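Now for the letters of each chain:
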Amino acid sequence: MKDYILLLPVLLPMLGAFAAYLVGRVSKTAKDYMADAAGLAEFILCATLLAYAASGRELSLAVPGICGRGIFFRLDGFRAIYAGIAALMWMCTTVFSREYLGHYRNRNRYYLFTLLTCGATVGVFLSNDFFTAFIFFEIMSFTSYVMVVQDEKPGAMRAGETYIAVAVIGGMVMLMGLFLLENRLGTLNFDELHAAVESMADLSPLYLPGALILFGFGAKAGMFPLHIWLPKAHPVAPAPASALLSGILTKAGIFGVLALSARVFLHDSVWGNAILALGTVTMVLGAVLAVFSVDLKRTLACSSMSQIGFILVGVGMQGLLGPHNSLAVWGTGLHMINHSMLKLVLFLCAGVVYMNLHKLDLNGIRGWGRNKPFLSACFLMGVLGITGVPLWNGYVSKTLLHESIVEYIELVAESGAPTGIYHVVEWLFLISGGLTAAYMTKLYVAVFVEKPDKSFEDHKPYMNRQSALVIGIPALLLPMMGLLPSGIMARAARLMESFMDPSLPWRDAGEQPIRWFSLTNLRGAAISLAIGAAVYLLFVRQVLMRRDGNGRKVYVNLWPKWLDLETLLYRPILQNALPFCGALMCRVLDNLTDWLVSLLNHTLLRRKPIPPRRDEDYAPGDYVPHVHRSYTLQRISGSVSFSLLLFGLGFCAAMGYLIVILLTK
Amino acid sequence: MENNTLLLPILLPFAGALTLRAKRLKNDGSRGFFVTAILACELILASVCAVCVKDSLHIVTLAPDLELMLDPDGLGKLFSLLVAFMWLMSGLFSREYMAHEENRVRYDAFLLMSEGVLTLLCFAGNYLTMYLGFELMTLLSTPLALHTQTDAARRGGLKYLFYSVFGACLGLLGFFTVYTFGSSTVFTPGGVLDGAKCAGHETFLLMAALLTVLGFGAKAGMFPLHAWLPAAHPEAPAGASALLSGVITKAGVLSVIRVVYYQFGPELIRGTWAQYVLLTLTLITVFLGSMLAYKEKIFKKRLAYSTVSQVSYILYGLALLEPTAFTGAVLHVVVHSAIKNALFFTAGAVILKTGKHDVRELRGIGKEIPVTMWCFTLCALGLVGIPPLGGFVSKWYLAQGSLASGIPVFSWLGPAVLLVSALLTAGYLFPITVSAFLPGADFDYGSVEKREPTPWITAPLILLTALTFAAGLFPGLVTSLASAIAGKLV
């Protein structure tokens, strides 16, 4: 019975959503409190579950019959942590939304959908089979769409279109993958998948379903080449929604990728290489896009893409390293947590900027953050964290990921195979780290250091206490996590590893404690930061800034406008080329029968013109003008029903004739 | 004696239709009440028949093996319940929708009578009875399509009549074939063909079976006899288009099930060219319907094309001759009925309240009729197959059945086409919702006036939406019945 508590974190926010919506129709203030209460209750619930799971216990729940196959939930360390992070993020963003959305229209709708998304997202993280995950994943995709288009401006609508198109296409492709996977393995349950896979001699029939499922989850995670929605949707969505999209919804995609990697393709090098390749491209491309961007939230969005690439590199290394993958597993898990927390802080800070200035481009907001030490400090925590500076949280996970690549290169070298390509990956990893440093410095310097062009008219205070609280506390957590890697991070990683590699917990029981701040580990961070400094000083300051008419240096966007997969490729194909061909073909087929009929009408069955009706045509015998017929009779004989009646009589006669024929057979 | 009850739901609507001219029913209010009462009685009677009646009923014997006979099995009962429920919904909807239309007595009379014959078709125990029901249904539902008497309606109605009668002629061919080569024409799970008589005539039998399916498939909007659907459905009053699209197409489906699984038998068709032809035709229809709906701009016509596509999901599932796919097909019958009724009701409500027919004019309409558009949105999600709504589960079963059937190429092509079609479905339904609820920041909220229809329209909509949810969350009731039937058939 106690397992049924697993339904609560899913249903609570959903019920809270409807409650808040109904309350909101009466009183707006009451709705705000209602939504906050739902967020808080969800957080307390998930924190309790996390405490429960942290003591090494698990819960699992099967509700048969729902949606035909039944839904399966399970609570283990990984899921408890992610449910907890989701709840924390929703609580913070819900509280922040009150001030941020203060002057927006349709706020009631926003709260309804954000809380529904919360329930669905937690549902994804708790699910224990692909079917359940898919159900909640789809709900999440659709409800989050409304968050993206909240302000209904043309840009938002277009970005929303991209978002929903990617979500729907991703969902359908994933569904095809699930059909195939179930057909080939007979199960979709995470607990049974691995056994089913092991009974197969050859993994090759699984690569197609795997790729299709990866398409769906990868699209949500922002994996190349399906990342297109990310840089579009984040800048236009309200900041609290961007924080959620970037911090947690992308992780729901990663959750699926992890489930696939750990349950179906555990320790499979082909799969590992594929994910590594996609991850590397995502990581580099995201970072490059972020360096070029001159929009605060767009930079953060591209940064999200890049960080997802880091995580995918970790997932790829898990597959490649096989039984030696504990570093990669820890790095992946911790980088997920770090990225969620970092993006919460960073997007909410960006939200504060937008809330006050209603602008996001760096030239417009330049210098606004001077003399705002609190906001500046919070943002700085995020910058230092995501850049991977030692003593902040990002350093821990990035180091682990880097070490896992180094470890794999050594393994490959031992076996005598060429290591060149993995050296390239390692360098791309370090360079991406450097680019991270460059674009974050660009943001920080632009907003908080440089002098403004003209003084801003500030209304004080620039944010209220609740907002400060929900930004400040997560920001404070970032260095804490970095300062106590063994205390917080290693513990979290221990909890997560059984999900990410089921063979791990009992494999590495007696391993050496990791020396977080050893010289070799610090060296990677130092190289990245050096690259970052060089890129910032030589490229960002020199190339990406031009003097404008007044002789002042401004940020310019040098990324060629046409170079955009969406406008260059996806939209023309999906919106024009394919529908045109399809419709052309279908129109021909559609009219085929009618054409045939009309051909017959004009050839074999040529119709003679019917002479106009005259009274004498109907009069029997001598023509009697103006035969008086009752009005009713006229109406009857002229009606459709009468014609049908005659038709029916004829039909009965024909049937009768046929029966007689059959009887005398 | 108790099986005489079977006649009641068939005859009651006729009795009702005949009394509509009575003096007391002259005024619209009391007649509306009377019609609603009859429709409600029908639902009760259908439920009673579904629960209580176990035996067959021989109405009249024309010749030793030629008789009219009712023998509702699980499938027939399910369909008759569906018919009665949807007719009640449409009856409620029509009370407000038809309030300003002319010739309401005629509309009500044919509405009632077509329910009677449709119940006859559902309860039919042999081919002849079903054929009778099928023909009568065509004749009695044509006036519904013709109702508005505009030129377009007349063209559409006549097209409907011709296509259906042509289809029924092909059905008659099937009847003679089964009569000649089978041991009887009573519906028997697994078919009635007599091996001794059939020997040497396999090609002819396959040809006959294929043509019969094409003929009855005309009613279900299967390519190449689908063209009447987008012509006739949009022209009828919304309540009638909902029934034509949502329920009467399913009569075609039921006839196809009866012919394929109970007369010719799945074993005859399995693995032959006839099956491949059927699979090809249904998949073409699935894609064609969705594609043209995507391109269509008239709301009701778009929905009609959507029906073409969706009913062929069902026919595809049936043509696979596989138990899981059969289950999915039966579930999709229920789901699609509920959803398509609701969608047509929405289109009707929009026309009634705003007079707009074009989907491009619907900007901001969600602010004016929110309850209606919410129901539309949820049903649209269901039709696309977004969990946890109805269409998702049926699609899952269909795809699993397809893959399990192991038919070369089609086993994976089928699910792929279904998903492409689902994508197009999303493409033609979501933009309506989006422009209805998200009119854009520059939208003039001042011009919005609340014009939500009365509960006569919203209540059926909400009920149907609830049914869509229920069919998605708890499909067990239908699927267990369907898989039990499928077990006997395949």
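Residues numbered from 1 in each chain as written. Chains lettered and ligands numbered in written order. Predicted model: local features only at pLDDT ≥ 70, side-chain atom pairs only at ≥ 80, totals over all residues.

Draft legend 1. Seen up close, the overall build of chain B. The helix and strand inventory of chain B stands at 20 helices and two strands. A principal-axis box enclosing the C-alpha atoms of chain B has dimensions of 75 × 60 × 40 Å. Residue burial in chain B is summarised as follows: out of 490 residues, 63% are buried. Here the contacts in chain B between residues at least 6 apart in sequence split such that 80% fall between residues at least 24 apart. (Helix = DSSP H or I, 4+ residues; strand = E, 2+ residues; numbered from the N terminus. Buried ≥ 20, exposed ≤ 12 C-beta atoms within 10 Å, placed from the backbone. Contact = placed C-beta atoms within 7 Å.)

Draft legend 2. Representation of the overall build of chain A. Helices and strands together make up the secondary structure of chain A, namely 24 helices and four strands. By principal-axis analysis of the C-alpha atoms, chain A measures approximately 120 × 65 × 50 Å. Taking all 665 residues of chain A together, the buried fraction comes to 51%. Sequence separation of at least 24 residues holds for 80% of the intrachain contacts in chain A that already meet a minimum separation of 6.

Draft legend 3. Structural context of the nonpolar core. Core analysis: the largest hydrophobic core is formed by 403 residues, its most contacted members being A:Ala86, A:Val148, A:Val345, A:Leu348, A:Cys349 and B:Leu121. The element contributing the most residues to this core is helix α13 (residues 326-357) of chain A, with 20 residues. Two domains share this core, each providing at least three of its residues, namely domain 1 (1-169 + 228-264) and domain 2 (266-508 + 516-553) of chain A. (Core = buried A, V, L, I, M, F, W, Y, C linked by C-beta atoms within 7 Å. Domains from an automatic or database assignment.)

Draft legend 4. Examining helix α1 (residues 8-24) of chain A more closely. All names here are of chain A. Along its 17 residues, α1 runs 23 Å from first to last C-alpha, staying within 8% of the 24 Å computed at 1.5 Å per residue. Those residues of α1 that fall on the buried side of the exposure criterion are Pro 9, Val 10, Leu 12, Pro 13, Met 14, Gly 16, Ala 17, Ala 20 and Gly 24. Those residues of α1 hidden inside the fold are in contact with α2 (28-54), α3 (77-100) and α4 (107-126). (Expected span 1.5 Å × (residues − 1).)

Draft legend 5. Representation of the pairing of strand β1 (residues 57-63) of chain B within the structure. Across five bridges, the pairing between β1(B) and strand β2 (residues 66-70) of chain B is antiparallel. By the bridge assignment, B:Thr61 is partnered in β2(B) with B:Glu67. (Pairing = 2+ DSSP bridges.)

Draft legend 6. Layout of the interface of chain A and chain B. Each partner contributes to the interface: chain A provides 42 residues, whereas chain B provides 45 residues. Each residue belonging to the side of chain A that touches chain B can be placed in one class, and the counts come to 28 nonpolar, seven polar and seven charged. (Nonpolar A, V, L, I, M, F, W, Y, C, P; charged D, E, K, R; others polar.)

Draft legend 7. Expanded view of the environment of B:Leu66. All names here are of chain B. When you line up the elements, Leu 66 lands in strand β2. With 19 C-beta atoms packed within 10 Å, Leu 66 lands in the partly exposed category. In this structure the C-alpha to C-alpha distance between Leu 66 and Ala 220, which are 154 residues apart in sequence, comes to 27 Å.

Draft legend 8. Seen up close, the packing of helix α6 (residues 154-185) of chain A against helix α9 (residues 229-236) of chain A. Residues and elements named next belong to chain A. For the pair α6 and α9, the least separation of the axes is 9 Å and the interaxial angle reads 140°. One finds that α6 runs oblique with respect to α9. In this structure, the crossing between α6 and α9 has a hand that is left-handed. Contacts from Gly 155, Ala 156, Ala 159, Thr 162, Tyr 163 and Val 166 of α6 reach α9 at Trp 229, Lys 232, Ala 233 and Val 236. Considered class by class, the residues forming the contact of α6 with α9 number seven nonpolar, two polar and one charged. (Axes fitted to C-alpha atoms, helices over the stretch in contact; angles between N-to-C directions. Parallel < 35°, antiparallel > 145°, perpendicular 65-115°, else oblique. Left-handed = near helix turned anticlockwise from the far one by under 90°.)

Draft legend 9. Local environment of the domain arrangement of chain A. The assigned domain composition of chain A is domain 1 (1-169 + 228-264), domain 2 (266-508 + 516-553), domain 3 (560-592) and domain 4 (630-665). Computed over C-alpha atoms only, the centres of domain 2 of chain A and domain 3 of chain A are separated by 38 Å.

Draft legend 10. Quick look at unusual backbone geometry. Of note, the amide linkage connecting B:Phe223 to B:Pro224 takes the cis form, showing an omega dihedral of 5°. Assignment of secondary structure puts B:Pro224 in the loop between α8 (202-219) and α9 (228-232). Cis geometry marks the peptide bond from B:Pro387 to B:Pro388; its omega dihedral reads 0°. Within the fold, B:Pro388 resides in the loop between α16 (370-384) and α17 (390-405). Phi at A:Cys67 takes a positive value of approximately 55°, unusual for a residue other than glycine. Tracing the sequence through the fold places A:Cys67 in the loop between β1 (59-63) and β2 (71-75).

Draft legend 11. Fine view of the packing of helix α6 (residues 151-181) of chain B against α8(B). All names here are of chain B. α8 packs onto α6 with a crossing angle of 145° between their chain directions and a minimal axis gap of 7 Å. Crossing of α6 against α8: the hand is left-handed. Along the contact surface, α6 presents Tyr 163, Ser 164, Phe 166, Gly 167, Ala 168, Cys 169, Leu 170, Gly 171, Leu 173, Gly 174, Thr 177 and Phe 181, while α8 presents Leu 205, Ala 208, Leu 211, Thr 212, Leu 214, Gly 215, Phe 216, Ala 218 and Lys 219. Residue composition of the contact of α6 with α8, by class: 13 nonpolar, seven polar and one charged.

Draft legend 12. Seen up close, the confidence of the model for chain B. The share of residues in chain B with pLDDT of 70 or more is 100%, and the mean pLDDT across the chain is 90. What the predictor reports for the complex is a pTM of 0.91 with an ipTM of 0.92. (pLDDT = per-residue confidence, 0-100.)

Draft legend 13. Seen up close, the environment of A:Ala17. Residues and elements named next belong to chain A. Here Ala 17 is to be found in helix α1. Judged by the 23 C-beta atoms lying within 10 Å of it, Ala 17 falls in the buried class. A C-alpha to C-alpha distance of 9.2 Å links Ala 17 and Gly 119, two positions 102 residues apart in sequence.

Draft legend 14. View of helix α1 (residues 7-19) of chain B. Residues and elements named next belong to chain B. Taking 1.5 Å as the rise per residue, α1 with 13 residues should run 18 Å; its terminal C-alpha atoms sit 18 Å apart, in good agreement. Pro 9, Ile 10, Pro 13, Gly 16 and Ala 17 are the residues of α1 that are buried. The buried residues of α1 all sit within an arc of 140° when viewed along its axis, so they share a single face. Away from the buried face of α1 by more than 90 degrees, exposed residues Ala 15 and Leu 18 are located. Where the residues of α1 are buried, they touch α2 (28-52) and α4 (104-123). (Arc of directions from axis to C-beta.)

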